[in-house]
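# Summary of structural features
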Amino acid sequence: MNFPEVSIGREQSMNTFALPDPGISSHHATLRWNSGMLTITDDGSTNGTSVGNIRLTAAKPHPLQPGDRIQLGSSTLVVELPGRA
């Protein structure tokens, strides 16, 4: 799998993936694929980012696994990776 960073946030012009959720910051978090691992990093968002029951520390990448639930504002994303269960 090879893709660039994917930025997530409320502001469409600032992000790869925009969610119209008032609980999400203009630029909230970034997904990165590095050395065979997908990670998410909270980019200093106002309301924070959680994976499962773990609240992320800003600027610290967190590894993701298939089925992980990412909470951003009132939006939930579920991790799905092709070829992995």
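Before going into details, it helps to say that this report is about the structure given with it. Computed from a prediction, not measured in an experiment: that's the story for all the values here.

## So, the pairing of strand β4 (residues 37–42)
Most of β4 sits inside the fold, with 5 of its 6 residues counted as buried. Here 6 bridges tie strand β3 (residues 29–34) to β4, and the two strands are oriented antiparallel to one another. Note that in β4 the partner of Arg-32 across the bridge is Thr-39. Counted along the chain from β3 to the antiparallel partner β4, the turn is 2 residues long, and its residue Ser-35 has a positive phi close to 50 degrees. Inspection of the sheet shows β4 paired to strand β7 (residues 62–63) by 2 bridges, in the antiparallel sense. Bridged to Thr-39 within β7 is Pro-63.

Conventions and cut-offs
Residues numbered from 1 in each chain as written. Predicted model: local features only at pLDDT ≥ 70, side-chain atom pairs only at ≥ 80, totals over all residues. Heavy atoms only, no water. Buried < 20%, exposed > 50% of the residue type's maximum accessible area, 1.4 Å probe, protein only. Helix = DSSP H or I, 4+ residues; strand = E, 2+ residues; numbered from the N terminus. Pairing = 2+ DSSP bridges.

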